[in-house]
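Examining the three-dimensional arrangement
The lines below spell out each chain.
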Amino acid sequence: MTAVRLQGATLAYGERVLWSDLDLEVAPGEFVAVLGPNGSGKTSLLKVLLGQNRLTSGTAEIVGGRASVGYVPQQKAIDEGVPLRGRDFVGLGWDGHRWGIGLRGRAARREAVDAAIASVGAEQFADAPLGQLSGGEQQRLRVAQALVGDPAVLLCDEPLLSLDLANQQVVAHLIDRRRRAHGTAVVFVTHEINPILPIVDRIVYLVDGKFRIGTTDEVMTSEVLSELYDTDVDVLRVRGRLVVVGTGDAMDALGAAGAHHPTEEI
Ligand SMILES: Nc1ncnc2c1ncn2[C@@H]1O[C@H](COP(=O)(O)OP(=O)(O)OP(=O)(O)O)[C@@H](O)[C@H]1O
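Everything in this summary refers to the structure shown in the same document. (Residues numbered from 1 in each chain as written. Predicted model: local features only at pLDDT ≥ 70, side-chain atom pairs only at ≥ 80, totals over all residues. Heavy atoms only, no water.)

Let us look at the site of the ligand. Looking at the ligand, the residues that line it are Tyr13, Arg16, Leu18, Pro37, Asn38, Gly39, Ser40, Gly41, Lys42, Thr43, Ser44 and His191. Contacts to the ligand include asparagine 38, whose side-chain N or O atom sits 3.0 Å from an oxygen atom. Here an oxygen atom of the ligand sits 2.9 Å away from a polar atom, N or O, in the main chain of glycine 39. Expressed as a share of its isolated accessible area of 640 Å², the protein-covered part of the ligand is 59%. (Near = heavy atom within 4 Å. Polar contact = N/O pair within 3.5 Å; in protein donor to acceptor, adjacent residues only side chain to side chain. Areas by Shrake-Rupley, 256 points an atom, 1.4 Å probe, with all protein chains shown as cover.)

Next comes the structure, spelled out in structure tokens:
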């Protein structure tokens, strides 16, 4: 069974080839992380799957169709003045999938919104204005919004960015629980693999037109990353965490260079 399929997928902007001949099948319930330095084409890959970017060649398919996709965007602070309540924000995810809400539709909507809010443990703050919530609380509601339509595929674009360690773990755990309980396929773009290290099934690692796909143990080695980066890279395991040294990225693919939490990574 396959939920997401890329075949011979190539994306180029003019002369610049981000990746080429990418073959990837994501199974229902599988958790695939997309890693790579800035500009390697991680977000572009998600945009292809969302139907916002066209491949230069090859094919990309969400097997259940685009209606079965949930999307968690990057965590960004929502303006304090936004009058929307958390509950209404989650409801927008439902409305995106359905038209013509009758009485019965309204009851189903309420039920689905309540269930999505409960699934991320957001009952306590779902009725507060969105702009007054913390970054972690807002991000939990974004996950609820993506889940309310009961997606078969969840696409996440750096959903942990700028969350503290505790909230990173909360959000990662929510997504993990969801994919195990519902067989949701997850494609998860991230700079920081450590918060999802216990969860991830496979990694797609993109670097400057090259890529490697495999399990964490297959991809996160000094040998593979040195080859991808074309320079000496060391992958160290320190107290159950991965630290990468030598990629030269301002914020390298593991967050080990520490743009966000330098002291927490080691
Ligand atoms: N529509 C476009 N036209 C031309 N170039 C683009 C377009 N969209 C993205 N790019 C370029 O393609 C490259 C890859 O962008 P993308 O956002 O996919 O990278 P990324 O791996 O997600 O990076 P980051 O980690 O910085 O978010 C970047 O250099 C970007 O400037």
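Before going further, it helps to spend a moment on the side chain of arginine 179. One can find arginine 179 in helix α5 (residues 165–182). Of note is the side chain of arginine 179, whose polar atom sits 2.9 Å from the side chain of aspartate 176. Discounting residues that sit within four places of it in the chain, arginine 179 has contacts with Gly29, Glu30, Phe31, Thr184, Val186, Ile199 and Asp201. (Helix = DSSP H or I, 4+ residues; strand = E, 2+ residues; numbered from the N terminus. Contact = heavy atoms within 4.5 Å.)

A few words on the sheet that holds strand β2 (residues 16–26). Ordered in space as β2-β1-β4, the three strands form an open sheet in which the pairing is antiparallel. Each of the sheet's edge strands pairs with one partner strand only, and the pair in question is β2 and β4 (57–62). Within this sheet the neighbouring strands show an average axis-to-axis angle of 25°, counted without direction. Summarising the sheet, strand β1 (residues 4–13) and β4 pair through five bridges and their orientation is antiparallel. In the strand pairing of β4, leucine 6 is matched with alanine 60. (Pairing = 2+ DSSP bridges. Axes fitted to C-alpha atoms, helices over the stretch in contact; angles between N-to-C directions.)

Reading across from one edge, β5-β6-β7-β3-β8-β9 is the order of the six strands in this open sheet, with mixed pairing throughout. Pairing within the sheet leaves two strands with one partner each, and these edge strands are β5 (69–72) and β9 (210–214). Averaged over all pairs of adjacent strands, the angle between their axes in this sheet comes to 15°, without regard to strand direction. Inspection of the sheet shows strand β3 (residues 31–35) paired to strand β7 (residues 185–189) by four bridges, in the parallel sense. Within β7, the position partnered with valine 32 by the bridge is valine 187.

Right, let's get into the pattern of salt bridges. For the coordinates displayed, the defined rule picks out 12 salt bridges. Among the ionic pairs, arginine 202 bridges to glutamate 30, the shortest N-O distance being 2.6 Å. With arginine 202 in strand β8 (residues 202–207) and glutamate 30 in the loop between β2 and β3, the pair connects residues that are 172 residues apart, well separated along the chain. According to the relative accessible area criterion, glutamate 30 is buried, its value standing at 12%. In this structure, arginine 87 and aspartate 127 form a salt bridge, with 2.9 Å as the shortest nitrogen-oxygen distance. Of this pair, arginine 87 sits in helix α2 (residues 86–95) while aspartate 127 sits in the loop between α3 (103–119) and α4 (135–147), and the two are 40 residues apart along the sequence. One salt-bridge network, in which partners are shared between bridges, spans Arg85, Arg87, Asp88, Asp114 and Asp127. (Salt bridge = Lys/Arg side-chain N within 4 Å of Asp/Glu carboxyl O. Buried < 20%, exposed > 50% of the residue type's maximum accessible area, 1.4 Å probe, protein only.)

Under the counting rule described, the total for this entry stands at two aromatic pairs. Centroid distance phenylalanine 31 to phenylalanine 188: 5.1 Å. Interplanar angle 35°. Geometry classified as tilted. Taken together, the residues phenylalanine 31 in strand β3 and phenylalanine 188 in strand β7 connect sequence positions 157 residues apart. On the accessibility criterion, phenylalanine 31 (0% relative accessible area) is buried. Relative to tyrosine 229, the ring of tyrosine 205 lies with its centre 6.0 Å away and its plane at 80°, an arrangement referred to as edge-to-face. In this pair, tyrosine 205 sits in strand β8 while tyrosine 229 sits in helix α7 (residues 222–229), placing the two residues 24 residues apart along the sequence. The pair tyrosine 205 / tyrosine 229 is uniform in exposure class, with both members buried. (Phe/Tyr/Trp six-rings, centres within 6.5 Å; stacked < 30°, edge-to-face > 60°.)

With their axes 7 Å apart at the nearest point, α2 and α4 run at an angle of 35° to one another. Every pair of crossing elements has a handedness; the one defined by α2 and α4 is right-handed. Counting all contacts with α2, which are made through Gly86, Phe89, Val90, Leu92 and Gly93, the residues of α4 involved are Leu141, Arg142, Ala144 and Gln145. For the contact of α2 with α4, the residue count by class is five nonpolar, three polar and one charged. (Left-handed = near helix turned anticlockwise from the far one by under 90°. Nonpolar A, V, L, I, M, F, W, Y, C, P; charged D, E, K, R; others polar.)

In the Ramachandran plot, aspartate 150 falls in the positive-phi region, its phi being about 55° despite a non-glycine side chain. For aspartate 150, the location among the structural elements is in the loop between α4 and β6 (153–157). Aspartate 150 gets classed as exposed once you look at its relative accessible area, which sits at 52%. Backbone geometry at glutamate 158 places phi at a positive 45°, although glycine is not the residue there. With respect to the secondary-structure elements, glutamate 158 resides in the loop between β6 and α5.

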